[in-house]
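Residues per chain, in single letters:
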Amino acid sequence: LQVTGDKQSPNVAQTAASKLSQMGERTKILGNAIQDPERQKRIILVIVCVALLLDNMLYMVIVPIIPDYLEGLQKAADNAQHIGVLFASKAIVQLMVNPISGTFIDRVGYDIPLFIGLNVMFLSTLTFAFADNYATLFLARSMQGLGSAFADTSGIALIADRYTEDTERSKALGIALAFISFGSLVAPPFGGVLYEFAGKRVPFLILACICLTDGVLCLTVLKPFSNRERDNMPVGTPIYKLMIDPYIAVVAGALIICNIPLAFLEPTIANWMEDTMHASEWEIGMTWFPAFFPHVLGVYLTVKLAAKYPHLQWFYGAIGMVFIGASSCTVPACKNFGQLMIPLCGICFGIAFVDTALLPTLGFLVDVRHVSVYGSVYAIADISYCVAYALGPVAAGQIVHNLGFVQLNLGMGLANVLYAPALLLLKNVSQMKPSFSERNMLLEDGPTGLYDTIKMEQREKKRKGLCTTLDENGIETFVQRSYSEEESSGGEYA
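Residues numbered from 1 in each chain as written. Predicted model: local features only at pLDDT ≥ 70, side-chain atom pairs only at ≥ 80, totals over all residues. Heavy atoms only, no water.

- With an unreviewed UniProt entry as reference, the protein chain is termed Solute carrier family 18 member 3a, source organism Oryzias melastigma.
- In UniProt, the protein chain has this text filed under Sequence similarities (unreviewed entry): "Belongs to the major facilitator superfamily. Vesicular transporter family."
- The protein chain has a UniProt comment under Subcellular location (unreviewed entry) that states "Membrane". (UniProt positions renumbered as here; feature names shortened; annotations may be inferred.)

Okay, structure coming up:
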């Protein structure tokens with residue numbers, strides 16, 4: 001028996017060593033596959049989409065939970081006021097932090113802010129799960145705004161950075177917008193059902209687990225603290241300069257106006273449905289869910305149209321705003337749940353057109369008029385959304401109380417229809433080309449890294465009519481070339 005055991009011991013050791021070797025090979029193959037540029041782009045898109053899904057699910061999952069939960073914590077007299085402030089606190093914090101986060105993203109890159117944002121969102125979700133008073137709920141909601149300012153902005157900017165071709169950028173951003181919509185619309189029924197049958201903590205703990213998984217995937221794929229390529233990248237245009245760019249300002253205004261109907265209806269439509277059509281709880285809970293499908297349809301159509309007719313992005317945005325305006329005006333005329341679905345679907349369909357057309361336009365404007373670093377410009381987009389969603393929970397109820405629900409909807413619809421012609425200013429954006437003076441903004445403060453220094457040297461050689469060549473020994477030498485006036489000033493970017 002001893003001899004048999006001795007003979008078997010080497011076999012067991014060899015088998016274990018062989019399996020460890022195979023696992024090592026598979027890990028190496030997986031690592032190489034992850035680092036493949038095309039595969040990495042897809043994985044990055046998944047990471048960003050999950051982050052956006054989580055943020056919007058966490059934003060909306062509290063809708064059926066918090067009002068009922070707060071009733072057990074405090075008197076109903078001041079309940080409505082507290083709920084409005086609680087709902088708005090996320091957007092207010094996000095609005096305040098975005099100018100800082102956009103600049104931070106431009107300085108350090110996209111991966112570190114995305115990882116930071118996911119960690120803060122994870123802590124926020126856990127805080128929601130175990131909160132037992134209003135102050136803790138308010139802290140959790142504010143923490144979510146802080147995390148979103150980093151995760152959302154860096155995620156969208158990362159997509160724009162990795163997907164450089166206009167068609168694939170529109171498609172990737174369209175997919176991200178679909179996840180945003182799905183998160184916003186599926187969260188209320190998701191939260192309501194789990195709250196009813198499993199308690200308050202369960203929906204938040206599920207979201208926390210998904211957030212943790214996404215953070216681990218981000219750490220594995222992007223390696224945020226080991227990737228120092230940022231040192232050799234160009235310095236982005238300051239956010240205040242982007243804000244005064246007239247084309248970017250027009251896009252930001254459109255994003256604010258088009259999201260106001262959704263932001264203002266979310267906190268007011270439930271009471272209106274109860275008063276006018278005596279809607280049941282399940283109808284109120286399912287109010288926005290059917291609108292997910294026309295939103296996805298709008299994203300799909302805009303991506304397809306943009307691929308075929310890319311010069312009409314402004315027109316798709318204008319059509320979307322007209323859809324939103326017309327749909328918003330018809331909401332008060334609805335008499336039952338079935339009728340109400342039509343204008344709500346129209347609003348989400350129009351928002352899909354506007355967002356899918358104009359978000360890629362922001363990236364293109366930065367490419368041709370500034371420096372191709374996207375943190376600050378997508379921070380401006382996030383600020384636009386936050387303006388609408390910060391005002392909604394605070395101002396919408398007061399407007400309905402003072403003016404009425406009908407007047408609120410007519411005002412929002414009219415604002416969208418009147419703003420749509422402003423997008424005509426974007427008509428010639430697709431014909432823009434990067435010019436020497438615009439791209440030279442990169443070096444207006446002098447070279448700050450290897451990338452800047454190399455570009456400055458290249459431009460200086462170009463200006464002097466010098467080019468490099470290799471001699472027979474492989475040594476780089478300078479030779480004189482004659483350039484026309486036009487070539488030496490702008491030919492590099494023609």
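Having seen the model, we can carry on.
1. Considering empty space enclosed by the protein
If you roll a probe as big as a water molecule over the atoms, it shows you where there is empty space left.
Argument step 1. Under the defined criterion, the tally for this structure stands at one cavity of 30 Å³ or more.
Argument step 2. Space inside the largest cavity adds up to approximately 580 Å³.
Argument step 3. N56, I180, N259, Y385 and Y389 are the residues nearest the centre of the largest cavity, which is lined by 30 residues in total.
Argument step 4. Looking at the lining of the largest cavity, the elements that each hand over two or more residues are α2 (37-61), α4 (79-108), α6 (134-162), α7 (166-198), α10 (246-265), α15 (337-369) and α16 (375-402).
Argument step 5. With six residues, α16 is the largest single contributor of residues to the lining of the largest cavity.
Argument step 6. A breakdown of the residues in the lining of the largest cavity according to their chemical character gives 17 nonpolar, seven polar and six charged.
Argument step 7. For the lining of the largest cavity, the domains that each give at least three residues are domain 1 (30-226) and domain 2 (237-443). (1 Å grid on protein atoms, 1.4 Å probe; cavity = no way out; pocket = protein on both sides within 12 Å on 5 of 7 lines; lining within 4 Å. Points joined across faces, edges and corners; volume = space filled by probe spheres on them. Helix = DSSP H or I, 4+ residues; strand = E, 2+ residues; numbered from the N terminus. Nonpolar A, V, L, I, M, F, W, Y, C, P; charged D, E, K, R; others polar. Domains from an automatic or database assignment.)

2. Overview of the nonpolar core
Argument step 1. By size, the foremost hydrophobic cluster in this structure holds 125 residues, and its most contacted members are L114, M273, L340, L344, L359, L362 and Y378.
Argument step 2. Here this core takes 17 residues from α15, the largest share from any one element.
Argument step 3. Mapped onto the domain boundaries, this core takes at least three residues apiece from domain 1 (30-226) and domain 2 (237-443).
Argument step 4. Those residues in contact with L344 that lie beyond four places of it in its chain are L265, I269, T287, W288, A291 and V331.
Argument step 5. Counting five residues, the second largest nonpolar core, distinct from the first, contains A306, Y316, F353 and A357. (Core = buried A, V, L, I, M, F, W, Y, C linked by side-chain atoms within 4.5 Å. Buried < 20%, exposed > 50% of the residue type's maximum accessible area, 1.4 Å probe, protein only. Contact = heavy atoms within 4.5 Å.)

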